[in-house]
Amino acid sequence: MIREITREDLGGLMSLYAQLHAEPAPEDARRAREVLDAILCDPSHHIIAAEEQGSIVSSCVLVIIPNLTRGQRPYALVENVVTDAAHRRRGLASACLEYAREIASKENCYKIMLMTGSKDPATLRFYERAGYNSSDKTAFIRWL
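Remember, predicted model here, so these are calculated numbers, not experimental data.

Draft legend 1. Quick look at a nonpolar patch on the surface. Together, Met-115, Ile-141 and Trp-143 make up a nonpolar patch on the protein surface, roughly 390 Å² of accessible area in all. Here Met-115 lies in the loop between β5 (112-114) and α4 (121-129).

Dropping the structure here:
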């Protein structure tokens, strides 16, 4: 099932995120709950998940950003695309990205941007098959 997460999904989501960045679960669980509550209260912020047998096994984040150009149409940003290692290559991340696209379309976004730190050709092909391209924009990141 593809859906937006709820407060009860925090533990499963954080376990999944440990595979994304190879980081342990946060030591301050209270802070993680506060951040999730803020996200859940923000109508422009969506955490989309694939659930199987009660577990979150794939996810992505979609953020809708208001915009003064392009006819004042918003744009969207996708981040934190991850699928549990035991559930990969089954279309779950693709389904999450499609759900994100549907939200962005409904919100009248004129584009969705996605960046990846992966240089793995298979990962890059995955994003291309999902409808993204790497030729229209050049991304730069300044870490803070």
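Draft legend 2. Summary view of the sheet that holds strand β1 (residues 2-4). In space, the five strands of this open sheet follow the order β1-β2-β3-β4-β5, with mixed pairing throughout. The strands lining the two open edges of the sheet, one partner per strand, are β1 and β5. Shown here is a sheet whose adjacent strand axes are inclined to one another by a mean of 30°, direction ignored. Summarising the sheet, strand β3 (residues 55-65) and strand β4 (residues 75-83) pair through seven bridges and their orientation is antiparallel. Looking across to β4, one finds that Val-63 is bridged to Leu-77. Seen against the sheet, helix α1 (residues 10-21) touches β2 (45-52), β3 and β4 and runs at an angle of roughly 85° to β4. Where helix α3 (residues 92-106) meets the sheet, its contacts fall on β1, β2, β3, β4 and β5, and the angle it forms with β3 comes to roughly 30°.

Draft legend 3. Expanded view of the pairing of β4. Pairing of β4 with β5 involves three bridges; the strand directions are parallel. Bridge pairing in β5 links Ala-76 to Ile-112. Traced from β4 through α3 to β5, the parallel crossover comes out right-handed.

Draft legend 4. Summary view of the nonpolar core. Of all hydrophobic cores here, the largest spans 21 residues; its most connected members are Cys-60, Leu-62, Val-78, Val-81 and Leu-97. Residue assignment for this core shows that the elements contributing at least two residues are β2, β3, β4, α3 and α4. No other element matches the seven residues that α3 contributes to this core. For Leu-62, the residues in contact, after removing those within four places along its chain, are Ser-44, His-45, His-46, Ile-48, Ala-76, Leu-77, Val-78, Ala-100, Ile-103 and Ala-104. In terms of nonpolar packing, the next biggest core, distinct from the first, is built from 13 residues, Ile-5, Leu-16, Leu-36 and Ile-39 among them.

Each value, and the rule that gives it
- Residues numbered from 1 in each chain as written.
- Predicted model: local features only at pLDDT ≥ 70, side-chain atom pairs only at ≥ 80, totals over all residues.
- Heavy atoms only, no water.
- Patch = residues over 30% accessible without salt bridge, like charges linked within 9 Å, V, L, I, M, F, W, Y side chains within 5 Å.
- Areas by Shrake-Rupley, 256 points an atom, 1.4 Å probe, with all protein chains shown as cover.
- Salt bridge = Lys/Arg side-chain N within 4 Å of Asp/Glu carboxyl O.
- Helix = DSSP H or I, 4+ residues; strand = E, 2+ residues; numbered from the N terminus.
- Pairing = 2+ DSSP bridges.
- Axes fitted to C-alpha atoms, helices over the stretch in contact; angles between N-to-C directions.
- Contact = heavy atoms within 4.5 Å.
- Right-handed = clockwise from strand over helix to strand, strands pointing away.
- Core = buried A, V, L, I, M, F, W, Y, C linked by side-chain atoms within 4.5 Å.
- Buried < 20%, exposed > 50% of the residue type's maximum accessible area, 1.4 Å probe, protein only.

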